[in-house]
Amino acid sequence: MGKTFADDLLAWYDREARSLPWRIPPGGPLQDPYRVLVSEIMLQQTTVAVVQTRFVAFLDQFPDLFALARAPEADVLAAWAGLGYYRRARSLHACAKALVDDHSGEFPSTEEALKQLPGIGEYTAAAIASIAFGQPAVVVDGNIERVMARVHSIATPLPKGKKDIKAAAADVSPTDRPGDYAQALMDLGARICRPKAADCLLCPVRRHCRIQREGDPLALPVKAPRKAKQTVEGSIYVAVNGDDCVLCEDRPDDGLFAGMLGLPGGGWDGRTPPVSLHGGEVCGSFSHILTHRRLAIDVHRADAPSADQNFRWVPIDHARRTMPTLFRKALDQALSSDGS
């Protein structure tokens, strides 16, 4: 089964591979490991549609490993603004510095060595090893997990079922063209074997798929019930001066959005809102979803405090480009309510 499954999948990929800015077309040379690293870290928790644009901009600013390693963390976080899950950006930056400092800027080519680098886990190590170095590796992301659960009719609920799914993936992984094969599986999950709309009639590996013969593909994989997100209330204060600057703060080095540019406020992050801004008129509210919580934010229009060393004025356009989405939402809401 392994050989024919892989052959059918690769034949489809040769015809239908997505054109993505971090990819080499099927059958081409091995890909640059730096581009694989950046794209794979970006694609965690972010859609391909968003990453296509942001990847190009990120590579324009940090064209190689050395440029990223030399960059201040603040610049890396600013370039990541809007992609969310900022720990990924810090891990990517730490990985680049480790590669430059400890490996003379050269990527290790094996999964085990790659996993020793900051921010590189089992999946990312397998992806780099296969796509950039042509090493046989069992690459299992969310798309591939879904494909394998359906092809092999694995009904063990996740996350417990991950072990069975990876074993099944290993059983059909070829030694030839491992990078193309991994990306073919990703494309199959993204375009054909989708979570809520499986196009089984168009599937190139349909004849190998047990669930389409035995039951409903959409029933797999089985996921454990999600816990309800906790709702946390808080405030964000927006003060704008006559020079089209907004009052900002550099956030603490730990906690949510650590070290990033943000707007003053609190409650939602465990911090007490600054007393110097209390009492500002509420000009709107919105919800914002983080990984484990839902934020209910009141936006206050505020006057600048008479003195506070923790605040600084930042041009609105620059703030909007570099702040996380949470703060951009608050800023835009305050400006729109003011008619700006």
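Residue positions within a chain follow its written sequence, with the count starting from 1. With the structure being a predicted model, the display of local features is reserved for residues of pLDDT at least 70 and the display and counting of side-chain atom pairs for 80 or more, all residues being used for whole-chain, interface and lining totals. By convention in this description, side-chain values take in all heavy atoms of the structure and omit both hydrogens and water.

**Section: helix α14 (residues 325–337)**
One full turn of an α-helix is made of 3.6 residues, so residues set three or four places apart face in the same direction. Let me state the cut-off plainly: Helix and strand definitions follow DSSP, with helices as H or I runs of at least four residues and strands as E runs of at least two, each counted in order from the N terminus. For a helix, the expected span equals 1.5 Å multiplied by the residue count minus one. Residue burial is assigned from relative accessible area. The probe radius is 1.4 Å, only protein chains are included, and a residue is buried under 20% of its type maximum, exposed over 50%, and partly exposed in between. Residue contacts are counted whenever heavy atoms from the two residues lie within 4.5 Å of one another.
Its 13 residues give α14 an end-to-end C-alpha distance of 18 Å, which sits within 8% of 18 Å, the value for a rise of 1.5 Å per residue. Within the span of α14, buried status applies to L326, F327, A330, L331, Q333, A334 and L335. Among the structural elements, β1 (230–238), β2 (245–250), β3 (261–262), β5 (281–289), β6 (293–301) and α13 (316–322) are those in contact with the buried residues of α14.

**Concerning empty space enclosed by the protein**
Note the cut-off: Grid spacing is 1 Å over the protein atoms alone, the probe is 1.4 Å, and a cavity is where that probe fits but cannot get out, while a pocket is an open set with protein on both sides within 12 Å along at least five of seven lines and lining residues have an atom within 4 Å of a point. Grid points are joined across faces, edges and corners, and a volume is the space filled by probe spheres set on the points. Put simply, Ala, Val, Leu, Ile, Met, Phe, Trp, Tyr, Cys and Pro go in the nonpolar bin, Asp, Glu, Lys and Arg in the charged bin, and everything else, Gly too, in the polar bin.
Across all of its chains, the model carries 2 cavities of 30 Å³ or more by this definition. In this structure, the largest cavity occupies an estimated 110 Å³ of space. R150, C193, C200, C203 and C209 are, among the 16 residues lining the largest cavity, the residues nearest its centre. Sorting the residues of the lining of the largest cavity by element identifies α9 (142–151) and α12 (210–214) as the ones contributing at least two each. Considering every element that reaches the lining of the largest cavity, the biggest residue donor is α9, with 3 residues. Considered class by class, the residues forming the lining of the largest cavity number 12 nonpolar, 1 polar and 3 charged. Considering the residues around the second largest cavity, the lining is formed by A137, V138, V139, A169, S173, Y181, A182 and L185. If you tally residues by element for the lining of the second largest cavity, the top one is helix α11 (residues 178–191), at 3 residues. Across the lining of the second largest cavity, the residue classes tally to 7 nonpolar, 1 polar and no charged.

**Some details on the nonpolar core**
Threshold: Definition used in this section: a nonpolar core is a set of buried Ala, Val, Leu, Ile, Met, Phe, Trp, Tyr and Cys residues joined via side-chain atoms within 4.5 Å.
Membership of the largest hydrophobic core comes to 100 residues, with the highest contact counts inside it found for F58 and L263. In this structure, Y237, A239, L247 and A302 belong to the second largest nonpolar core, which totals 6 residues.

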